[in-house]
Amino acid sequence: MTVVDLGFAPGSWSQVAIDLVRPGLGRVVGVDIIPVAPPKGVNALQGDFLSRDTQERVRELLKDENAGRVHRHELIKEENNTDPSYLDQDLSKLDLNMTGKAHRDKCIDVILSDMSAPWELASGYHHRSISNPYHRLMNTSGNKFKDHAGSMDLCRSALYFAFDTLRVGGNFVCKFYQGAEDKQFEKQLKSLFSKVHRDKPESSRSESKEAFFIGIQRLSSAEQDRVFDEGG
Ligand SMILES: C[S@@+](CC[C@H](N)C(=O)[O-])C[C@H]1O[C@@H](n2cnc3c(N)ncnc32)[C@H](O)[C@@H]1O
(Lines give C-alpha, C1' and ligand atoms only; values in the text may rest on other atoms or scores of the structure.)
Protein backbone atom coordinates (compact mmCIF):
# COMPACT_ATOMS: atom_id res chain seq x y z
CA MET A 1 0.00 0.00 0.00
CA THR A 2 0.97 3.60 -0.53
CA VAL A 3 -0.24 6.16 2.02
CA VAL A 4 0.27 9.91 1.67
CA ASP A 5 -0.10 11.91 4.89
CA LEU A 6 -0.58 15.62 4.24
CA GLY A 7 0.43 17.88 7.13
CA PHE A 8 2.11 14.87 8.76
CA ALA A 9 4.21 16.70 11.39
CA PRO A 10 5.07 15.81 14.10
CA GLY A 11 4.07 12.38 12.78
CA SER A 12 1.65 10.40 14.93
CA TRP A 13 -0.71 9.55 12.03
CA SER A 14 2.28 8.53 9.89
CA GLN A 15 3.59 6.38 12.70
CA VAL A 16 0.30 4.47 12.85
CA ALA A 17 0.18 4.25 9.04
CA ILE A 18 3.68 2.81 8.67
CA ASP A 19 2.84 0.09 11.20
CA LEU A 20 -0.34 -0.77 9.30
CA VAL A 21 1.18 -1.00 5.81
CA ARG A 22 3.83 -3.45 6.98
CA PRO A 23 7.36 -2.30 6.23
CA GLY A 24 8.81 -3.91 3.13
CA LEU A 25 5.50 -3.95 1.30
CA GLY A 26 3.98 -0.56 1.91
CA ARG A 27 5.26 3.00 2.04
CA VAL A 28 4.18 6.20 3.72
CA VAL A 29 5.04 9.65 2.40
CA GLY A 30 4.48 12.57 4.75
CA VAL A 31 4.31 16.13 3.43
CA ASP A 32 4.57 19.19 5.64
CA ILE A 33 5.39 22.85 5.22
CA ILE A 34 7.67 22.77 8.24
CA PRO A 35 10.92 20.80 8.43
CA VAL A 36 10.40 17.82 10.73
CA ALA A 37 12.23 14.51 10.96
CA PRO A 38 9.61 11.81 10.22
CA PRO A 39 9.00 8.65 12.27
CA LYS A 40 11.16 5.68 11.35
CA GLY A 41 10.29 4.19 7.96
CA VAL A 42 8.29 7.26 6.83
CA ASN A 43 9.49 9.43 3.92
CA ALA A 44 9.23 13.17 4.47
CA LEU A 45 8.87 15.85 1.85
CA GLN A 46 8.87 19.50 2.90
CA GLY A 47 6.73 22.00 1.02
CA ASP A 48 3.52 24.01 0.92
CA PHE A 49 0.87 21.64 -0.37
CA LEU A 50 -1.14 24.54 -1.76
CA SER A 51 1.62 24.89 -4.33
CA ARG A 52 1.47 22.86 -7.55
CA ASP A 53 5.21 22.45 -7.35
CA THR A 54 4.99 20.53 -4.05
CA GLN A 55 2.20 18.33 -5.41
CA GLU A 56 4.27 17.59 -8.49
CA ARG A 57 7.24 16.57 -6.31
CA VAL A 58 5.06 14.05 -4.48
CA ARG A 59 3.79 12.63 -7.76
CA GLU A 60 7.31 12.37 -9.17
CA LEU A 61 8.51 10.54 -6.07
CA LEU A 62 5.66 8.02 -6.23
CA LYS A 63 6.08 7.28 -9.95
CA ASP A 64 8.96 5.01 -9.02
CA GLU A 65 7.13 2.11 -7.43
CA ASN A 66 10.16 1.22 -5.30
CA ALA A 67 10.75 4.73 -3.99
CA GLY A 68 10.14 5.04 -0.29
CA ARG A 69 9.90 1.33 0.40
CA VAL A 70 12.19 -0.26 2.93
CA HIS A 71 14.27 -2.92 1.18
CA ARG A 72 14.00 -6.52 2.20
CA HIS A 73 17.65 -6.89 3.15
CA GLU A 74 17.38 -3.85 5.43
CA LEU A 75 14.48 -5.49 7.21
CA ILE A 76 16.35 -8.73 7.68
CA LYS A 77 19.23 -6.83 9.25
CA GLU A 78 16.95 -4.98 11.61
CA GLU A 79 17.27 -5.95 15.25
CA ASN A 80 14.32 -6.52 17.59
CA ASN A 81 11.99 -7.14 14.67
CA THR A 82 8.94 -8.57 16.40
CA ASP A 83 6.94 -9.45 13.28
CA PRO A 84 9.21 -11.07 10.72
CA SER A 85 6.38 -13.05 9.05
CA TYR A 86 6.30 -10.82 5.99
CA LEU A 87 9.91 -11.76 5.23
CA ASP A 88 8.79 -15.30 4.44
CA GLN A 89 6.54 -14.19 1.61
CA ASP A 90 7.57 -14.23 -2.01
CA LEU A 91 6.95 -10.59 -2.89
CA SER A 92 6.76 -11.29 -6.62
CA LYS A 93 3.67 -13.44 -6.07
CA LEU A 94 1.74 -10.86 -4.10
CA ASP A 95 -0.93 -8.94 -5.95
CA LEU A 96 0.34 -5.43 -5.38
CA ASN A 97 -1.78 -4.14 -8.24
CA MET A 98 1.20 -2.35 -9.68
CA THR A 99 1.29 -2.72 -13.43
CA GLY A 100 1.00 -0.25 -16.27
CA LYS A 101 0.39 3.44 -16.62
CA ALA A 102 -2.77 3.39 -14.51
CA HIS A 103 -0.66 2.35 -11.56
CA ARG A 104 1.92 5.08 -12.10
CA ASP A 105 -0.71 7.82 -12.33
CA LYS A 106 -3.08 6.57 -9.66
CA CYS A 107 -0.93 4.63 -7.27
CA ILE A 108 -2.05 5.94 -3.87
CA ASP A 109 -4.28 3.76 -1.68
CA VAL A 110 -4.95 6.22 1.13
CA ILE A 111 -4.67 10.01 1.36
CA LEU A 112 -4.82 11.53 4.82
CA SER A 113 -4.91 15.26 5.44
CA ASP A 114 -4.67 16.82 8.88
CA MET A 115 -3.32 20.08 7.48
CA SER A 116 -3.89 23.07 9.79
CA ALA A 117 -1.94 25.14 12.28
CA PRO A 118 1.45 23.58 13.07
CA TRP A 119 2.83 22.49 16.40
CA GLU A 120 5.38 24.91 17.77
CA LEU A 121 8.88 23.50 17.38
CA ALA A 122 10.98 23.80 20.49
CA SER A 123 14.35 23.85 18.74
CA GLY A 124 16.21 23.62 15.45
CA TYR A 125 14.05 26.21 13.79
CA HIS A 126 14.70 29.91 13.03
CA HIS A 127 11.60 31.88 13.89
CA ARG A 128 13.26 35.14 12.92
CA SER A 129 13.79 34.14 9.31
CA ILE A 130 11.86 36.31 6.82
CA SER A 131 10.51 33.12 5.29
CA ASN A 132 9.11 31.96 8.62
CA PRO A 133 6.52 29.38 7.51
CA TYR A 134 4.39 30.03 10.59
CA HIS A 135 3.41 33.35 9.02
CA ARG A 136 2.27 31.71 5.80
CA LEU A 137 0.17 28.98 7.37
CA MET A 138 -3.52 28.55 7.77
CA ASN A 139 -3.47 29.20 11.51
CA THR A 140 -6.59 29.10 13.61
CA SER A 141 -7.11 32.77 14.27
CA GLY A 142 -10.21 32.88 16.45
CA ASN A 143 -12.06 34.24 13.41
CA LYS A 144 -14.28 31.28 12.52
CA PHE A 145 -14.97 32.39 8.94
CA LYS A 146 -11.28 32.84 8.20
CA ASP A 147 -10.38 29.49 9.77
CA HIS A 148 -13.12 27.75 7.84
CA ALA A 149 -12.14 29.33 4.49
CA GLY A 150 -8.46 28.50 5.01
CA SER A 151 -9.23 24.91 5.90
CA MET A 152 -11.47 24.53 2.82
CA ASP A 153 -8.55 25.65 0.61
CA LEU A 154 -6.39 22.93 2.16
CA CYS A 155 -9.17 20.33 1.77
CA ARG A 156 -9.71 21.26 -1.88
CA SER A 157 -6.01 20.97 -2.65
CA ALA A 158 -6.07 17.47 -1.08
CA LEU A 159 -9.16 16.54 -3.11
CA TYR A 160 -7.71 17.78 -6.44
CA PHE A 161 -4.60 15.78 -5.69
CA ALA A 162 -6.72 12.73 -4.79
CA PHE A 163 -8.64 12.96 -8.06
CA ASP A 164 -5.40 12.63 -10.02
CA THR A 165 -3.55 10.13 -7.85
CA LEU A 166 -5.89 7.97 -5.74
CA ARG A 167 -6.55 4.52 -7.18
CA VAL A 168 -10.07 3.23 -7.72
CA GLY A 169 -11.20 1.77 -4.38
CA GLY A 170 -8.81 4.03 -2.45
CA ASN A 171 -9.79 6.01 0.67
CA PHE A 172 -9.50 9.64 1.78
CA VAL A 173 -9.59 11.39 5.16
CA CYS A 174 -9.39 15.14 5.69
CA LYS A 175 -9.76 17.48 8.60
CA PHE A 176 -11.77 20.67 8.15
CA TYR A 177 -13.20 23.51 10.19
CA GLN A 178 -16.98 23.52 9.85
CA GLY A 179 -18.70 26.41 8.11
CA ALA A 180 -20.76 27.53 5.12
CA GLU A 181 -18.66 25.84 2.41
CA ASP A 182 -18.36 22.37 3.89
CA LYS A 183 -21.70 21.13 2.42
CA GLN A 184 -20.45 21.91 -1.08
CA PHE A 185 -17.20 20.07 -0.37
CA GLU A 186 -19.16 17.10 0.99
CA LYS A 187 -21.14 17.00 -2.29
CA GLN A 188 -17.91 16.86 -4.24
CA LEU A 189 -16.69 14.00 -2.08
CA LYS A 190 -19.97 12.16 -2.64
CA SER A 191 -19.44 12.23 -6.39
CA LEU A 192 -15.95 10.74 -6.04
CA PHE A 193 -16.47 8.14 -3.26
CA SER A 194 -19.03 5.42 -2.77
CA LYS A 195 -19.54 6.42 0.90
CA VAL A 196 -18.79 9.67 2.72
CA HIS A 197 -18.86 10.12 6.49
CA ARG A 198 -18.65 13.33 8.49
CA ASP A 199 -17.05 12.63 11.84
CA LYS A 200 -16.39 14.52 15.05
CA PRO A 201 -14.29 12.08 17.09
CA GLU A 202 -14.35 12.12 20.88
CA SER A 203 -10.75 13.28 20.90
CA SER A 204 -11.76 16.54 19.19
CA ARG A 205 -12.76 19.25 21.67
CA SER A 206 -16.49 19.98 21.51
CA GLU A 207 -15.96 23.76 21.42
CA SER A 208 -13.71 23.42 18.36
CA LYS A 209 -15.17 23.63 14.84
CA GLU A 210 -12.75 20.88 13.81
CA ALA A 211 -14.29 17.81 12.14
CA PHE A 212 -13.29 15.15 9.59
CA PHE A 213 -14.56 13.87 6.26
CA ILE A 214 -13.91 10.27 5.36
CA GLY A 215 -14.35 9.15 1.76
CA ILE A 216 -14.54 5.38 1.31
CA GLN A 217 -13.79 3.63 -1.99
CA ARG A 218 -13.01 5.96 -4.86
CA LEU A 219 -15.42 5.29 -7.70
CA SER A 220 -14.17 4.32 -11.13
CA SER A 221 -16.88 6.29 -12.85
CA ALA A 222 -16.25 9.73 -11.30
CA GLU A 223 -15.92 12.39 -13.99
CA GLN A 224 -13.72 15.40 -13.30
CA ASP A 225 -16.36 17.93 -14.45
CA ARG A 226 -18.98 16.39 -12.20
CA VAL A 227 -16.76 16.29 -9.12
CA PHE A 228 -15.46 19.82 -9.48
CA ASP A 229 -18.53 21.42 -10.97
CA GLU A 230 -19.15 24.68 -9.04
CA GLY A 231 -22.78 23.72 -8.47
CA GLY A 232 -21.70 20.38 -7.00
C1 LIG B 1 -2.40 19.30 13.43
S2 LIG B 1 -0.85 19.21 12.63
C3 LIG B 1 -0.80 17.57 12.05
C4 LIG B 1 -0.58 16.53 13.12
C5 LIG B 1 -0.30 15.17 12.50
N6 LIG B 1 -1.48 14.60 11.87
C7 LIG B 1 0.22 14.17 13.49
O8 LIG B 1 -0.39 13.12 13.64
O9 LIG B 1 1.26 14.39 14.11
C10 LIG B 1 -1.13 20.09 11.13
C11 LIG B 1 0.07 20.15 10.21
O12 LIG B 1 -0.33 20.71 8.95
C13 LIG B 1 0.77 21.39 8.40
N14 LIG B 1 0.35 22.31 7.32
C15 LIG B 1 -0.46 23.39 7.44
N16 LIG B 1 -0.60 24.01 6.25
C17 LIG B 1 0.13 23.29 5.36
C18 LIG B 1 0.39 23.42 3.97
N19 LIG B 1 -0.11 24.43 3.26
N20 LIG B 1 1.20 22.52 3.37
C21 LIG B 1 1.74 21.49 4.08
N22 LIG B 1 1.54 21.32 5.42
C23 LIG B 1 0.74 22.19 6.06
C24 LIG B 1 1.36 22.11 9.60
O25 LIG B 1 2.70 22.50 9.40
C26 LIG B 1 1.19 21.06 10.72
O27 LIG B 1 2.37 20.35 10.93
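Since the model is a prediction, treat every value here as computed from it, not as a measurement.

Thresholds applied
Every chain is numbered independently, its residues counted from 1 as its sequence is written. Whole-chain, interface and lining totals are the exception, using all residues; otherwise, since this is a predicted model, local features are given only for residues with pLDDT of at least 70 and side-chain atom pairs are given and counted only at 80 or more. UniProt positions are given in the numbering used here, feature names are shortened, and annotations may be inferred rather than shown by experiment. Only DSSP runs of H or I reaching four residues or more are called helices, and only runs of E reaching two or more are called strands; each is numbered from the N terminus. Note on contacts: each residue gets a C-beta atom placed from the backbone, and two residues are in contact if those atoms are within 7 Å. Partly exposed residues are those falling between the two cut-offs: more than 12 but fewer than 20 other C-beta atoms within 10 Å of their own, whereas 20 or more means buried and 12 or fewer means exposed, with C-beta atoms placed from the backbone. Being paired, for any two strands, means DSSP has found at least two bridges between them. Here, a nonpolar core denotes buried Ala, Val, Leu, Ile, Met, Phe, Trp, Tyr and Cys residues that are linked to one another through C-beta atoms within 7 Å. Working rule for helices: expected span equals 1.5 Å times residues minus one. By construction, the arc corresponds to the directions joining the helix axis to the C-beta atoms.

Undergrad: Give a description of the UniProt feature "active site" (unreviewed entry) in the protein chain that names residues and reports values.
TA: Under the UniProt annotation, "active site" (unreviewed entry) lies at Lys-175. Locating Lys-175 in the fold gives a position in strand E5 (residues 166-177). Residues contacting Lys-175, with those up to four places away along its chain left out, are Ser-113, Asp-114, Ser-116, Glu-210 and Phe-212.

Undergrad: I'd like a rundown of the pairing of strand E4 (residues 108-113), residues and numbers included.
TA: Where burial is concerned, most of E4 is hidden: 5 out of the 6 residues are buried. The pairing of strand E1 (residues 2-6) with E4 spans 4 bridges and is parallel. Across the sheet, residue Asp-5 finds its bridge partner in E4, namely Leu-112.

Undergrad: Explain the nonpolar core to me, and be specific about the residues and the numbers.
TA: In terms of nonpolar packing, the biggest core is built from 38 residues, with Val-4, Leu-6, Ile-111 and Ala-158 touching the most fellow members. Secondary structure elements with two or more residues in this core: E1, helix H1 (12-20), strand E2 (27-32), helix H2 (52-63), E4, helix H6 (144-165), E5 and helix H7 (182-192). Residue contacts for Val-4: discarding those within four places in its chain leaves Val-29, Val-31, Val-58, Ile-108 and Ile-111.

Undergrad: Break down unusual backbone geometry for me, with residues and values.
TA: Each neighbour pair has its own omega, and for Ala-9 with Pro-10 the value is 0°, a cis peptide bond. Inspection of the secondary structure puts Pro-10 in the loop between E1 and H1. One non-glycine residue, Gln-217, adopts positive backbone phi at about 60°. Summarising the element assignment, Gln-217 is placed in strand E7 (residues 210-218).

Undergrad: Please give an account of H2 that cites residues and values.
TA: Compared with the 16 Å implied by 1.5 Å per residue over 12 residues, the 16 Å span of H2 between its first and last C-alpha is a close match. What H2 keeps buried is the set Gln-55, Val-58 and Leu-62. Projection of H2 onto a plane perpendicular to its axis shows the buried side chains occupying an angular sector of 60°, all on one side. Of the exposed residues in H2, those oriented more than 90 degrees away from the buried face are Arg-52, Asp-53, Glu-56, Glu-60 and Lys-63. Those residues of H2 that are buried are in contact with E1, E2, strand E3 (43-46), E4 and H6.

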